[in-house]
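Topology and contacts: notes
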2 protein chains.
Amino acid sequence: MKTWSLAAAALLACGPAAAQFKSPDDAVEYRQGALAVMGHHFGRIGAMASGKAPFDAKAAQADADLVLTLSRLPWSAFVEGSDKGDTSAKPEVWSQPDKFKAASAKFQDAVVKLSATAAKATRADDLKAAFGATADTCKSCHDDFRKKH
Amino acid sequence: MKTWSLAAAALLACGPAAAQFKSPDDAVEYRQGALAVMGHHFGRIGAMASGKAPFDAKAAQADADLVLTLSRLPWSAFVEGSDKGDTSAKPEVWSQPDKFKAASAKFQDAVVKLSATAAKATRADDLKAAFGATADTCKSCHDDFRKKH
């Protein structure tokens, strides 16, 4: 492992963040919970964007705000030792920490744009591009860092 | 079941809220996720309040804000049919919907106060009363509506 990877691994998995979880299992539960709730609200925006659910500007904004808040949470919970147990995280989360960090940053950037878009959306079509761009960042990160179910 | 209970049950478990979940299992995953993440951040406030973690005004406020946001989420997910499967919810959630709604409202009120308290806390002691009052509402609702582990 190169020096820059060690530094990134330290940022990702050590220090105060790791200390905030009682155990690796606690960290897994936390990140899975945050991702599940976030995915749910993201899905609601997708349902509106695709016309499967009626467009509701207020709901779209509330969902996007929740996604934005939750999008910041999971990453500190990929602590050392939480690659075992009830997790779908691939070993690459820990062996390629820079790549994982970049993927999560890309997702978070997309969510910021989605939230700004949802705040001024007046019809379902307004959500489509930002929703699609965010979904691409989910898929890309899942392809590289999440085991297939 | 009396008329007012039916009305409360309808509010609690039917209509748009239920339609937002793909399945009862999806609703269970959602509410457990929200409660787990919320409990985690609530625990961080408790650790500060009890002196187990150093007081950090900014962190306390961020944790309380997250608890406040998340405190609104789980309740719509106690949908009809989600009393089965991987859930610790007691049947009383559905057989005593008014009591359950009142318990969740009490908790949410306590969280509003906790959030206001955390926003102006300057030392760990400032968090104690509001944290304790909120924890009491958690315990009371868990005693009545959550199966023992």
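The structure under discussion appears in the preceding block.
Not measured: the values here are computed from a predicted model.

**A short note on the interface of chain A and chain B**
- Chain A puts 16 residues into the contact, and the matching count from chain B is 16 residues.
- With both sides pooled, the region where chain A packs onto chain B buries about 1,300 Å², and carbon together with sulfur makes up 71% of that total.
- The largest contributions to the chain A side of the interface with chain B come from A:Y30, A:H40 and A:R44, which together make up 35% of the buried area.
- Put simply, chain A and chain B have zero salt bridges between them.
- Linking chain A to chain B there are six residue pairs in polar contact (both at pLDDT 80 or more).
- Of all the elements in the fold, those that place two or more residues in the side of chain A that touches chain B are α3 (24-49) and α4 (57-71) of chain A.
- The element contributing the most residues to the side of chain A that touches chain B is α3(A), with ten residues.
- Along the lines of polarity and charge, the residues of the side of chain A that touches chain B split into eight nonpolar, five polar and three charged.

**Describing the relation of the copies chain A and chain B**
- For the pair chain A and chain B, the relating rotation is 180°, the translation along its axis is 0.0 Å, and the fit reaches an RMSD of 0.0 Å. Taken together, the rotation and translation describe the operation of a two-fold axis. By C-alpha distance to the rotation axis, the residue of chain A lying nearest is A:G33, at 1.8 Å.
- When the interface residues of chain A are mapped onto chain B, 100% of them again fall at the interface, so both copies present the same face.

**Quick notes on the nonpolar core**
- A:L127 and B:L127 are the most contacted members of the largest nonpolar core, which totals 73 residues.
- Beyond its immediate chain neighbours, meaning those up to four positions away, A:L127 contacts A:I45, A:M48, A:A49, A:F55, A:A60, A:A118 and A:A121.

**Observations regarding the environment of B:S82**
Residues and elements named next belong to chain B.
- Summarising the element assignment, S82 is placed in the loop between α4 (57-71) and α5 (92-95).
- Measuring from C-alpha to C-alpha, the distance between S82 and K128 comes to 35 Å, with 46 residues separating the pair along the chain.
- Apart from the residues lying within four places of it in its own chain, the contact partners of S82 are P24, V28, R31, A77, T87 and W94.
- Of note is the side chain of S82, whose polar atom sits 2.7 Å from the side chain of R31.

**A closer look at the state of the cysteines**
Residues and elements named next belong to chain A.
- Evaluated as defined, the whole model comprises zero disulfides over all chains.
- Just so you know, C141 is unpaired, no disulfide at all, and the nearest cysteine sulfur is the one on C138, 8.4 Å from it.
- Assessed through its relative accessible area of 9%, C141 is described here as buried.

**Digging into the side chain of B:D26**
- Residue placement: B:D26 occurs in helix α3 (residues 24-49).
- Within polar-contact distance, the side chain of B:D26 engages the backbone nitrogen of B:K22 at 3.0 Å.
- Each residue touching B:D26, except ones within four places of it in the same chain, is listed here: A:H40 and B:F21.

**Some points on the packing of α3(A) against helix α7 (residues 124-145) of chain A**
Residues and elements named next belong to chain A.
- At a minimum axis distance of 8 Å, the contact between α3 and α7 shows a crossing angle of 135°. Relative to α7, the element α3 lies oblique. Viewed along their axes, α3 and α7 form a crossing whose handedness is left-handed. On the side of α3, the interface is formed by F42, I45, G46, M48 and A49, while α7 contributes A124, L127, K128, F131, T134, A135 and C138.
- A breakdown of the residues in the contact of α3 with α7 according to their chemical character gives nine nonpolar, two polar and one charged.

Definitions and cut-offs
- Residues numbered from 1 in each chain as written.
- Chains lettered and ligands numbered in written order.
- Predicted model: local features only at pLDDT ≥ 70, side-chain atom pairs only at ≥ 80, totals over all residues.
- Heavy atoms only, no water.
- Contact = heavy atoms within 4.5 Å.
- Buried area = accessible area lost by both parts, 1.4 Å probe.
- Salt bridge = Lys/Arg side-chain N within 4 Å of Asp/Glu carboxyl O.
- Polar contact = N/O pair within 3.5 Å; in protein donor to acceptor, adjacent residues only side chain to side chain.
- Helix = DSSP H or I, 4+ residues; strand = E, 2+ residues; numbered from the N terminus.
- Nonpolar A, V, L, I, M, F, W, Y, C, P; charged D, E, K, R; others polar.
- Least-squares fit on C-alpha atoms with pLDDT ≥ 70 in both.
- Core = buried A, V, L, I, M, F, W, Y, C linked by side-chain atoms within 4.5 Å.
- Buried < 20%, exposed > 50% of the residue type's maximum accessible area, 1.4 Å probe, protein only.
- Disulfide = S-S within 2.5 Å.
- Axes fitted to C-alpha atoms, helices over the stretch in contact; angles between N-to-C directions.
- Parallel < 35°, antiparallel > 145°, perpendicular 65-115°, else oblique.
- Left-handed = near helix turned anticlockwise from the far one by under 90°.

Shape is all these values report; function is a separate question.
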